[in-house]
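A look at the structure
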Amino acid sequence: MLIERSKKIFNATGADKLIVTAPDLRFYLTGFASSDGLVLVDENGATFYTDARYLEAASAALSGTGIEVKEPPRAGYLSLVEGSGRVAAALSRITADEYIALSKKVVEVTDCTAAFTAEMGVKDDGELAAIKKACEIADKAFEDMLGAFKEGMTENDAAAELEYRMRKFGASGTSFETIMAFGEGSSVPHHETGFRTLRHGDIILMDFGCKWGGYCSDCTRTFLFGDDKKHEDFKKAYAKVLEAHMAAKEKICDGMTGAEADAIARNVLKEGGLDKYFTHSLGHGIGINIHEFPRLAPKSSDVLKNGMVFSDEPGVYFEGDFGIRIEDSVTLSDGKVVSLTNSDKKLIVL
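Everything in this summary refers to the structure shown in the same document. (Residues numbered from 1 in each chain as written. Predicted model: local features only at pLDDT ≥ 70, side-chain atom pairs only at ≥ 80, totals over all residues. Heavy atoms only, no water.)

A word on the overall build of the protein chain. Looking only at helices and strands, one finds nine helices and 19 strands in the protein chain. What you see for the protein chain is a C-alpha radius of gyration of 22 Å, in line with the 20 Å of a compact globule of 350 residues. Taken along the three principal axes of its C-alpha coordinates, the protein chain extends 70 × 40 × 35 Å. Partitioning the contacts of the protein chain with sequence separation of at least 6, the portion at a separation of at least 24 is 62%. (Helix = DSSP H or I, 4+ residues; strand = E, 2+ residues; numbered from the N terminus. Rg over C-alpha atoms; globule rule 2.2 N^0.38 Å. Contact = heavy atoms within 4.5 Å.)

Structure, rendered in structure tokens:
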């Protein structure tokens, strides 16, 4: 039950009360999305306070979960903890003004960010099911999108077409701003989708994802819009990036650090003399947010565990020329990687 999440994090803080205001952390505890609200947890249970815009819907959604729903007091949310002893809050997720105001109301403020990070890093069956659904929708939208590319369309046009398909197939929205890069734009890892038009022989790099049930998917595919016979270097690099991607899937395991996982893909690229063009980390955690714990990066000491969901996304980028990234959302199950996005990764030529 949802109430168990609140109890577990509250107990980990050692505080008298736990307050949660960040929208994503509130969603994690309640399963209810809102732009306003506060979750208060103490030894007596958990209560979600929210204003009249959400009260009816929240009451219906949280019925039977063990979490009460109430309107906030007229004196404001912080009046709920005024005079308390030790109060836990996610200090990385509140402003300095909010911290100062809270400090004036209670004896001591303690940080609960680490408790949320640890719990949110490992997904339960319900969370995994939501992420799998978001990944299935992303796969379906990508496959359906391949027939929609037309010479002369802009990156913006293509991004809109893809986002429409994700919505059409059941997504509640995108996980992040879609990256649609044509030709030389693919050499920028986080290219800003614009109005570059599609031409025969162009490389297309699309980084996209959608949300379902409040959880994200993340996927990148790189392919060709026609073969003008001028992409031999691209094809060789693509094969090496795919090899690095697959090596990470095959060798990453439970108990490995993020640095060790990153090194698997980076070493494959090094064998091909491409490691210096791999300018970002191998991956990041995926959940309610598109970037979560753990980090799969050269200096990451984060330990990978069964139930974690993260990206496997090696890439190489040649400034002003082209870039390649191949990314899947994956999870660890029984000590091994299981891919959640499964659309074709062999080089596609439209």
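Attention now moves to the sheet that holds strand β10 (residues 210-212). Strand order in the open sheet made by the three strands is β7-β10-β11, with antiparallel pairing throughout. Each edge of the sheet is formed by a strand with only one pairing partner; in this case those strands are β7 (173-174) and β11 (215-216). Inspection of the sheet shows β10 paired to β11 by two bridges, in the antiparallel sense. Its bridge partner being in β11, Trp-212 is matched across the sheet by Tyr-215. Across the face of the sheet, helix α6 (residues 125-145) comes into contact with β10 and β11 while running at roughly 140° to β10. (Pairing = 2+ DSSP bridges. Axes fitted to C-alpha atoms, helices over the stretch in contact; angles between N-to-C directions.)

Our focus in this paragraph is the sheet that holds strand β5 (residues 86-89). Judged by pairing direction, the sheet is mixed, and its six strands sit side by side in the order β4-β3-β2-β1-β5-β6 without closing on themselves. The outermost strands of the open sheet, each flanked by one partner alone, are β4 (67-70) and β6 (108-111). Sheet twist, expressed as the average angle between the axes of neighbouring strands with direction ignored, equals 25°.

Let us look at the environment of Ala-160. Within the secondary structure, Ala-160 is located in helix α7 (residues 155-168). In the structure, Ala-160 is positioned 101 residues away from Ser-59 in sequence and 35 Å away in space, judged by C-alpha atoms.

On to the packing of aromatic side chains. For the structure shown, the criterion picks out 11 aromatic pairs. An aromatic cluster of at least three residues, connected via ring pairs, comprises Phe-234, Tyr-238, Tyr-277, Phe-318 and Phe-322. Seen from the ring of Tyr-28, Arg-5 lies directly overhead, with NZ or CZ sitting 4.4 Å from the centre. (Phe/Tyr/Trp six-rings, centres within 6.5 Å; stacked < 30°, edge-to-face > 60°. Lys NZ or Arg CZ within 6 Å of the ring centre and 35° of its normal.)

Here we come to the pairing of strand β3 (residues 45-49). With respect to burial, β3 is a largely interior element, four of its five residues being buried. When strand β2 (residues 38-42) meets β3, the two strands line up antiparallel, connected through five bridges. Following the sheet pairing, Val-41 is matched in β3 by Ala-46. Hairpin connection from β2 to β3: two residues lie between these consecutive antiparallel strands. As paired strands, β3 and β4 are joined by four bridges and run parallel to one another. Counted as the bridge partner of Phe-48 is Val-69 from β4. Taking the sense of rotation as the criterion, the β-α-β connection linking β3, helix α3 (residues 52-61) and β4 turns out right-handed. (Buried < 20%, exposed > 50% of the residue type's maximum accessible area, 1.4 Å probe, protein only. Right-handed = clockwise from strand over helix to strand, strands pointing away.)

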